[in-house]
Amino acid sequence: MAVAGSLVKSDDLIGALKIYQQINAVPETRETALKIARSYQDNKKYRQAVAFYELAGRTQEAEQLRQAFNINEEVRPVMLAARSTSELVHQVRASVVLVRAGNNLGSGFIVREDGVVITNTHVVGDQPNVTVRVYGKDSSETARELEGRVVEKREDIDLAVIQIQSGDLFRPVQLGRASELQIGDSVVAIGAPEGLEQSVTQGIVSQFREMGEKKVIQTDAAMNPGNSGGPLFNAQGEVVGVNTFKIIGGNPNTPSQGLNFAITIDQVLELFPKHMP
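First, a word on what this report is: a plain description of the structure on this page. (Residues numbered from 1 in each chain as written. Predicted model: local features only at pLDDT ≥ 70, side-chain atom pairs only at ≥ 80, totals over all residues. Heavy atoms only, no water.)

1. With respect to the layout of surface pockets
Reported here for the largest pocket is a volume of approximately 330 Å³. Forming the boundary of the largest pocket are 15 residues, of which Arg47, Glu73, Glu74, Leu175 and Pro277 lie nearest the centre. Of the residues belonging to the lining of the largest pocket, the class tally is seven nonpolar, three polar and five charged. Approximately 220 Å³ is the volume found for the second largest pocket. If you tally residues by element for the lining of the second largest pocket, the top one is helix α6 (residues 85–92), at three residues. Class assignment of the residues belonging to the lining of the second largest pocket gives a composition of nine nonpolar, four polar and two charged. (1 Å grid on protein atoms, 1.4 Å probe; cavity = no way out; pocket = protein on both sides within 12 Å on 5 of 7 lines; lining within 4 Å. Points joined across faces, edges and corners; volume = space filled by probe spheres on them. Nonpolar A, V, L, I, M, F, W, Y, C, P; charged D, E, K, R; others polar. Helix = DSSP H or I, 4+ residues; strand = E, 2+ residues; numbered from the N terminus.)

2. Concerning the pattern of salt bridges
Enumeration over the complete set of coordinates arrives at 13 salt bridges. One salt bridge connects Glu155 with Lys153, and the closest N-O pair in it is separated by 3.8 Å. When its relative accessible area of 57% is taken as the criterion, Glu155 is described as exposed. Within this structure, Arg47, Glu73 and Arg177 form a network of salt bridges that share partners. (Salt bridge = Lys/Arg side-chain N within 4 Å of Asp/Glu carboxyl O. Buried < 20%, exposed > 50% of the residue type's maximum accessible area, 1.4 Å probe, protein only.)

3. Details of the side chain of Asp185
Along the chain, Asp185 falls in the loop between β7 (174–175) and β8 (186–191). Given the relative accessible area of 19%, Asp185 is considered buried. There is a polar contact of 2.5 Å between the side chain of Asp185 and the side chain of Lys45. When near neighbours in sequence (up to four residues on either side) are disregarded, Asp185 contacts Lys45, Glu180, Gly203, Ile204 and Val205. (Polar contact = N/O pair within 3.5 Å; in protein donor to acceptor, adjacent residues only side chain to side chain. Contact = heavy atoms within 4.5 Å.)

4. What about the sheet that holds strand β2 (residues 104–110)?
Consider a sheet: its strands pair through backbone hydrogen bonds, and that pairing is either parallel or antiparallel. Spatial ordering of the closed barrel is given by β1-β2-β3-β6-β5-β4, a layout of six strands whose pairing is antiparallel. Within the sheet, the average angular offset between the axes of one strand and its neighbour, ignoring direction, is 40°. For strand β1 (residues 96–101) and β2, the ladder comprises six bridges, and the chain directions are antiparallel. For Val99, the partnering residue across the bridge sits in β2 and is Gly106. (Pairing = 2+ DSSP bridges. Axes fitted to C-alpha atoms, helices over the stretch in contact; angles between N-to-C directions.)

5. Here's the deal with unusual backbone geometry
Positive phi values are uncommon outside glycine, yet Asn24 reaches one of about 60°. Its place among the elements puts Asn24 in the loop between α2 (13–22) and α3 (26–42). Phi angles above zero are rare outside glycine, and Asp158 is one such case at about 70°. Following the sequence through the fold, Asp158 ends up in the loop between β5 (144–154) and β6 (159–164).

6. Some words on the packing of aromatic side chains
Under the definition given, this model contains two aromatic pairs. An angle of 35° between the planes, with centres 5.8 Å apart, marks the rings of Tyr40 and Phe52 as tilted. Of the two residues, Tyr40 sits in helix α3 while Phe52 sits in helix α4 (residues 46–55), which places them twelve residues apart along the sequence. For the pair shown, Tyr40 and Phe52 are each scored as buried. Ring geometry for Tyr46 and Phe69: centres 3.8 Å apart, planes at 10°, overall stacked. (Phe/Tyr/Trp six-rings, centres within 6.5 Å; stacked < 30°, edge-to-face > 60°.)

7. Comments concerning the packing of α4 against helix α5 (residues 59–68)
α5 packs onto α4 with a crossing angle of 155° between their chain directions and a minimal axis gap of 8 Å. As far as their axial angle goes, α5 and α4 are roughly antiparallel. Crossing of α4 against α5: the hand is left-handed. Of the residues in α5, those in contact with Tyr46, Ala49, Val50, Tyr53 and Glu54 of α4 are Glu61, Ala62, Leu65 and Arg66. Grouping the constituent residues of the contact of α4 with α5 by class yields six nonpolar, no polar and three charged. (Parallel < 35°, antiparallel > 145°, perpendicular 65-115°, else oblique. Left-handed = near helix turned anticlockwise from the far one by under 90°.)

Shown next, in the form of structure tokens:
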């Protein structure tokens, strides 16, 4: 209890909450979850506010936010102590995959326990079947290569859905909403740039744009070939975008830097509702 109390004083409420849960300190768990929920609500992170209000047993506040912001699905509280990037990466490692389609190589992420994966159309190309490399919860676990079938594509938006052909259960990501992001928010991109698996870059939200039919997040989180199709996470560990492309300046002597784009997860949810959790 003393350790948890010191964490509360240092504003590591998630760390304190984990300890309270481990020792089954119900009043302290609810009180701390309530503080976290109010903090998320103040910062307009309404989905995680709902999750922590429900954990605190404050169903009325949770229901008010659900109705106000049309949050209908189950939302899990994301336990990231002190908003640690390293902890975020550890928690989502098993949900980010490498996708190989013929000579194409890219990334993707699992959105359902039965192995539904989101990636880019330009990653899968014209291939009806692809290879999906799935990682363990930590680096000591051996990765598995499984067959995947492309079940739906939207070439105009550059999005594709893959179904892993396996009876196993997988670890899905938590889906957020790009609509809750603000310019300047921290984001993390994970993928396989140039085939370098499970690479992590960090940046901020630079702007929101519409490019043709695409609704995108502009970020300075570095992306390179192989990042395509991978997830863009917010600081709460929720996927808010699908990493898609970068702009390279026309002058090779002064290439553009920090112009990277991810299709919003909101658009993914709109286009592929039957494949979502």
